[in-house]
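Below, each chain spelled out in residue letters.
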Amino acid sequence: MRNRLDLLSTQRRRRTPVSVISRLNAITIGRVRRAPAVHVTPPDPPIQPTPAMACDPLTPDAVLWAIARERPDLRRWIVANPHADAELLEYISQRGGPHVRESLSVLLDSLEQRTR
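What counts, and at which threshold
- Residues numbered from 1 in each chain as written.
- Predicted model: local features only at pLDDT ≥ 70, side-chain atom pairs only at ≥ 80, totals over all residues.
- Heavy atoms only, no water.
- Helix = DSSP H or I, 4+ residues; strand = E, 2+ residues; numbered from the N terminus.
- Buried < 20%, exposed > 50% of the residue type's maximum accessible area, 1.4 Å probe, protein only.
- Contact = heavy atoms within 4.5 Å.
- Polar contact = N/O pair within 3.5 Å; in protein donor to acceptor, adjacent residues only side chain to side chain.
- Axes fitted to C-alpha atoms, helices over the stretch in contact; angles between N-to-C directions.
- Parallel < 35°, antiparallel > 145°, perpendicular 65-115°, else oblique.
- Nonpolar A, V, L, I, M, F, W, Y, C, P; charged D, E, K, R; others polar.
- Arc of directions from axis to C-beta.

1. A short note on the side chain of serine 103
No. 1: Examined against the element boundaries, serine 103 turns out to sit in helix H7 (residues 100–115).
No. 2: Of the residues examined, serine 103 reaches a relative accessible area of 17% and is grouped as buried.
No. 3: Apart from the residues lying within four places of it in its own chain, the contact partners of serine 103 are Arg76 and Val79.

2. Details of the side chain of threonine 59
No. 1: The topology assignment puts threonine 59 in the loop between helix H3 (51–55) and helix H4 (61–70).
No. 2: Overall, threonine 59 belongs to the buried group, its relative accessible area being 6%.
No. 3: In terms of polar contacts, threonine 59 uses its side chain to reach the backbone carbonyl oxygen of methionine 53, at 2.6 Å.
No. 4: Setting aside residues up to four positions removed in sequence, threonine 59 forms contacts with Met53, Leu64 and His83.

3. Looking at the packing of H4 against helix H6 (residues 86–95)
No. 1: Packing of H4 against H6 leaves a shortest axis separation of 10 Å and a crossing angle of 5°. Here H4 is positioned roughly parallel relative to H6, judged by the angle of their axes. Residues Leu64, Trp65, Ala68 and Arg69 of H4 form the contact with H6, whose own contacting residues are Glu87, Leu88, Tyr91 and Ile92.
No. 2: Class assignment for the residues of the contact of H4 with H6 results in six nonpolar, no polar and two charged.

4. Details of H6
No. 1: For H6, the set of buried residues is Leu88, Leu89, Tyr91 and Ile92. Buried residues of H6, seen end-on, are gathered within an arc of 155° and therefore sit on one face of the element. Away from its buried face, by an angle of more than 90 degrees, H6 presents the exposed residues Ala86, Glu87 and Gln94.
No. 2: On its buried face, H6 sits against H4, helix H5 (75–79) and H7.

5. Points about H4
No. 1: Considered for burial, the residues of H4 that qualify are Leu64, Ile67 and Ala68. Projected down its long axis, H4 shows its buried positions confined to an angular sector of 100°, all on one face. Away from the buried face of H4 by more than 90 degrees, exposed residues Ala62 and Glu70 are located.
No. 2: Buried residues along H4 sit in contact with H3, H5 and H6.

Function-wise, these values are silent; they only describe arrangement.
Below, the structure is given as structure tokens:
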């Protein structure tokens, strides 16, 4: 047992730091080559809101609220969305935006005609 320890300590003293580093590099490269290939899909690009997205009844509420907060030019299209709730429509009416007043008038007129 003692001879083996002496042999190992002698071998350790003979190694230079460069040989240790190159050996570690070789081990790492070997592991990388043997590793299974993992295909990672890149993230989706940021969503660009459109009038079609603002009108679509399948657009989630969180997206509609984000559009209402960040894109005043698309607020009138949210008014045309049948999925927009009263709270969102009230927010849009208070914030305003291009053609919001006209679109709210059309919506209220159509609701008034339904109740008759």
